[in-house]
Amino acid sequence: LSADNGDADGQYHYGLCLERGIGVEQNAVEAAKYYQLSANQGHADAQYRYGVCLDQGIGVAEDKEEAANYYQLSADQKKAGAQSR
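Residues numbered from 1 in each chain as written. Predicted model: local features only at pLDDT ≥ 70, side-chain atom pairs only at ≥ 80, totals over all residues. Heavy atoms only, no water.

## What about the state of the cysteines?
Threshold: The disulfide definition used here is simple: a pair of cysteine sulfur atoms within 2.5 Å. For every residue, the accessible area (1.4 Å probe, protein chains only) is compared with the maximum for its type, and the residue is labelled buried under 20%, exposed over 50%, or partly exposed between those bounds.
In this structure the tally under the stated criterion is zero disulfides. Free of any disulfide, Cys 17 has its nearest cysteine sulfur in Cys 53, 14 Å distant. Given the relative accessible area of 24%, Cys 17 is considered partly exposed.

Okay, structure coming up:
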């Protein structure tokens, strides 16, 4: 998997598959892990999705302050969804 080779886009998309159960067993903890890996490489969509995970406690402990940090990172890259958070 490109996700396991450090590819930020692959990590983000694999996170989506894990979150939604597309082609793999649904797993919120693993989804959050892959979102975080991708987000920490600057992937704006992953920053937003990981922010949602933190905001709502999906697969990780709820942390509103840290969620706001990830939303801000995504918003700084002009992601509309993050800008409205």
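## Digging into helix H4 (residues 64–75)
Condition: To qualify as a helix, a DSSP run of H or I must reach at least 4 residues; to qualify as a strand, a run of E must reach at least 2; elements of each kind are numbered from the N terminus. By definition here, a helix of n residues has an expected span of 1.5 Å times n minus one. The arc in question is the one traced by the directions running from the helix axis out to the C-beta atoms. Polar contact criterion, stated in full: a pair of N or O atoms within 3.5 Å, where within protein one must be able to donate a hydrogen and the other to accept it, and residues adjacent in sequence count only if both atoms are side-chain atoms.
Under the 1.5 Å per step criterion, the end-to-end length of H4 is 16 Å for 12 residues, consistent within 8% with the ideal 16 Å. Listing the buried residues of H4 in full gives Ala 67, Tyr 70, Tyr 71, Ser 74 and Ala 75. Projected onto a plane normal to the axis of H4, the buried residues spread over an arc of 140° and lie on a single side. Its side-chain oxygen placed 3.3 Å from the backbone nitrogen of Glu 65, Asp 63 serves as the N-cap of H4.

## Topic: the side chain of Arg 49
Applicable threshold: The contact rule is simple, with two residues in contact once any of their heavy atoms fall within 4.5 Å.
Position of Arg 49 among the secondary structure elements: in helix H3 (residues 44–56). The class of Arg 49 is buried, set by a relative accessible area of 15%. The contact partners of Arg 49, leaving out residues within four places of it in the chain, are Tyr 12, Glu 19 and Tyr 35.

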